[in-house]
Amino acid sequence: MAKNNSPLKTTVGVVDAEVLAYTAGRDVELDRHLIAADCLGTAAHVTMLARMPKECRVLSQADAKKVIAELGAILRRAQAGQFEITLEDQDVHLAVERNLTAKLGDLGKKVHTCRSRNDQVAVDLRLFAKEELLAVLAEIASLAGALAAFARNHAEVPMVGRTHLQPAMPSSVGLWADAHAAALLDDAALVLAAYHLNDQCPLGAAASYGVPLPIDRQLVSDLLGFSRPVANVLQAINSRGKLESVILGALTQVMLTLSRLAQDLVLFTMPEFGYFALPAAFCTGSSIMPQKKNPDVLELVRSRAARVTACQVAVLDIVRSSPSGYNRDLQDAKEPFMEGLSMTRATLRILAPLIAGLEVNREALLKGFTPDVFATDRALELVAGGMPFRDAYHHVKAHLDELQNVDPVAAVAKKTHLGAPAGLNFDGTTARIVAIAELVSDERAEFHAALSKLLGTKWPMTK
Ligand code: ARG
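These remarks concern the structure in this document. The shown structure was predicted, so the numbers you read here are calculated from the model rather than taken from an experiment.

Overview of the overall build of the chain
And then number 1: Within the chain, the regular secondary structure consists of 17 helices and eight strands.
And then number 2: In terms of overall size, the chain is more extended than a compact globule, its C-alpha atoms giving a radius of gyration of 28 Å where 463 residues would be expected to give roughly 23 Å.
And then number 3: Its C-alpha atoms give the chain principal-axis dimensions of about 95 × 50 × 40 Å.
And then number 4: Across the chain, contacts joining residues at least 24 apart in sequence account for 77% of those joining residues at least 6 apart.
And then number 5: Total accessible area computed for the chain in this model is approximately 21,900 Å², and 56% of it derives from carbon and sulfur atoms.
And then number 6: Each charge sign in the chain was given a centre, from 48 positive and 51 negative side chains, and these centres are 5 Å apart.

Printed below as a string of structure tokens:
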């Protein structure tokens, strides 16, 4: 073990041990998530270098092949958990270069020609984000699918509609569940917008200002399956951090939707409501009270929503103080970015089976219907008989104790207009879900086909 403050030898010079630890931060662990992306980005870069005009070509086609074969070996070692990123490496970029140089000698040392870690980390994060965002969209489609199925299965089950949490008007379980599915589908549009913004290749920006050699940025972008290169090299670097904050912003919206769903379920599964029962597997007990079945999962969904928002705020504030060009501050956006993504994905994944296993207590839902829930319906009945609405309103208000109990099923069945409890377009919701699932599989197929072609072997590699 190195003594504190003793200098350590890195690929790019000797650095004081404490300075190295401080500046590397958590990269040594977090960059493990970027190993695959770093190898892919490097494979595209060397492929392009080998196709440069002859007079400035530093690698032959055969060299590029050798590097790519070695990157394949690194990828397999990483998959087996046998690829190490040391503090002396600082990050994944120099760890990969160290490994390539150990195996390939001078050829390994040529790989970084016309590249900087600044554009390298930018492409790594975008490749990582591309895969993650496709997974987020797929997970949104799954949870929205569970909510839509729940809505269809209980479409006509009456449920008191609430405003201010107070009983308001007749509604249905179908309307409640379909609304949560619809919210997720709106959030998916934001995730998709972030996905398209992310889908641009920053490689070739180098330190931030390009290089004085005729590199082919379009080729690199195509090789990596991006839709296009970032048009301006400085913007390719400046967009780091901003892009993460946009992605986290979309995820924050997803988490707000999930937090509301969780909050509804915490309330409606209380014994005092008893509208729904959570599947036993999603409840946890108490260490002192033998009878307890607590909705801990749902409570943590609420707090995780707060934490994803905090991740976005952390990144926004790092960007706020960052001038043009690469600044090391941007490295610290990595942790909240990865954390926000993983918390959102875990939340989407835990809620899908919870919704699928949710039980509906029709009796309890019907018990919620007191005569006052029908007050507005009654006023509108009087309107249909010719009374001006405000007069009908005051009439009903003055005779609240005379309100008759109505059959809630019949009351709900009368709400047939577009989007109302008996006018829901379940097929429309399903079509939106299917469209997301199809987009994910098309985009993923195209992305993985490009990467397979680049590596000359199937991507993603099978374990
Ligand atoms: N680990 C660094 C990051 O995430 C890589 C880039 C380092 N660049 C530099 N100029 N020090 O930002």
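Considerations on the pairing of strand β4 (residues 166-172)
And then number 1: For strand β3 (residues 158-163) and β4, the ladder comprises six bridges, and the chain directions are antiparallel. In the strand pairing of β4, Met159 is matched with Ser171.
And then number 2: What sits between β3 and β4 in their antiparallel hairpin is a turn of two residues, with His164 showing a positive phi close to 55°.

Some remarks on the packing of helix α14 (residues 375-384) against helix α15 (residues 389-398)
And then number 1: It is at 8 Å that the axes of α14 and α15 come closest, and there the two elements cross at 135°. Between α14 and α15, the crossing angle belongs to the class labelled oblique. The element α14 and its partner α15 pack so that their crossing is right-handed. Seen from α14, the contacting residues are Ala375, Arg378, Ala379, Leu380, Leu382 and Val383; seen from α15, they are Phe389, Ala392, Tyr393, His395 and Val396.
And then number 2: When the residues that make up the contact of α14 with α15 are grouped by side-chain class, the tally is nine nonpolar, one polar and one charged.

Side note on the environment of Pro323
And then number 1: Within the element layout of this structure, Pro323 appears in the loop between α11 (296-320) and α12 (334-356).
And then number 2: Spatially, the C-alpha atom of Pro323 lies 34 Å from that of Val58, the residues being 265 residues apart in sequence.

Structural notes on the site of the ligand
And then number 1: Every residue lining the ligand is accounted for by Asp27, Asp91, His93, Arg117, Asn118, Val121, Arg240, Tyr326, Arg328, Gln331 and Lys334.
And then number 2: Interatomic distance of 2.9 Å between a side-chain N/O atom of Asn118 and a nitrogen atom of the ligand.
And then number 3: In this structure, an oxygen atom belonging to the ligand sits 2.8 Å away from a side-chain N or O atom of Arg240.
And then number 4: In the complex, the protein chains occlude 86% of the 340 Å² of accessible area that the ligand would expose alone.
And then number 5: With three residues, the single largest contributor to the shell around the ligand is helix α7 (residues 117-153).
And then number 6: Class assignment for the residues of the shell around the ligand results in two nonpolar, three polar and six charged.

Quick word on the pattern of salt bridges
And then number 1: Following the criterion strictly, the structure yields 17 salt bridges and no others.
And then number 2: In this structure, the salt-bridge partner of Asp89 is Arg98, at a minimum N-O distance of 2.7 Å.
And then number 3: What makes Asp89 buried here is its relative accessible area of 2%.
And then number 4: The salt bridge partner of Asp199 is Lys130, with a shortest N-O separation of 2.9 Å.

Looking at the nonpolar core
And then number 1: Grouped together as the largest cluster of nonpolar side chains are 127 residues, with contacts concentrated most on Leu224, Phe276 and Ile355.
And then number 2: With 19 residues, α7 is the largest single contributor of residues to this core.
And then number 3: Leave out the neighbours within four places in its chain, and Phe276 touches Phe150, Met159, Val173, Trp176, Leu265, Phe268, Thr269, Leu358, Glu359 and Val360.
And then number 4: Membership of the second largest hydrophobic core comes to six residues, among which are Ala375, Leu382, Ala392 and Leu403.

Quick look at the packing of aromatic side chains
And then number 1: In total, this model carries 10 aromatic pairs according to the counting rule given.
And then number 2: Joined through ring pairs, the aromatic side chains of Phe150, Trp176, Phe268, Phe273, Tyr275 and Phe276 make up one cluster.
And then number 3: The residue whose ring lies beneath Lys130 is Phe447, and the NZ or CZ to ring-centre distance is 4.4 Å.
And then number 4: Sitting over the face of the ring of Tyr393, Arg390 holds its NZ or CZ atom 4.7 Å from the ring centroid.

Notes on helix α4 (residues 61-79)
And then number 1: Counted at 1.5 Å a residue, the expected span for α4 with its 19 residues is 27 Å, and the 27 Å between its end C-alpha atoms agrees.
And then number 2: Every buried residue belonging to α4 is among Asp63, Ala64, Val67, Ile68, Glu70, Leu71, Gly72, Ile74 and Leu75, and all of these are buried.
And then number 3: Taken from the residues just after α4, Gly81 is the one with a positive phi, measuring 75°.

Rules and cut-offs
Residues numbered from 1 in each chain as written. Predicted model: local features only at pLDDT ≥ 70, side-chain atom pairs only at ≥ 80, totals over all residues. Heavy atoms only, no water. Helix = DSSP H or I, 4+ residues; strand = E, 2+ residues; numbered from the N terminus. Rg over C-alpha atoms; globule rule 2.2 N^0.38 Å. Contact = heavy atoms within 4.5 Å. Areas by Shrake-Rupley, 256 points an atom, 1.4 Å probe, with all protein chains shown as cover. Lys, Arg positive; Asp, Glu negative; His and termini not counted. Charge placed at Lys NZ, Arg CZ, Asp CG, Glu CD. Pairing = 2+ DSSP bridges. Axes fitted to C-alpha atoms, helices over the stretch in contact; angles between N-to-C directions. Parallel < 35°, antiparallel > 145°, perpendicular 65-115°, else oblique. Left-handed = near helix turned anticlockwise from the far one by under 90°. Nonpolar A, V, L, I, M, F, W, Y, C, P; charged D, E, K, R; others polar. Near = heavy atom within 4 Å. Polar contact = N/O pair within 3.5 Å; in protein donor to acceptor, adjacent residues only side chain to side chain. Salt bridge = Lys/Arg side-chain N within 4 Å of Asp/Glu carboxyl O. Buried < 20%, exposed > 50% of the residue type's maximum accessible area, 1.4 Å probe, protein only. Core = buried A, V, L, I, M, F, W, Y, C linked by side-chain atoms within 4.5 Å. Phe/Tyr/Trp six-rings, centres within 6.5 Å; stacked < 30°, edge-to-face > 60°. Lys NZ or Arg CZ within 6 Å of the ring centre and 35° of its normal. Expected span 1.5 Å × (residues − 1).

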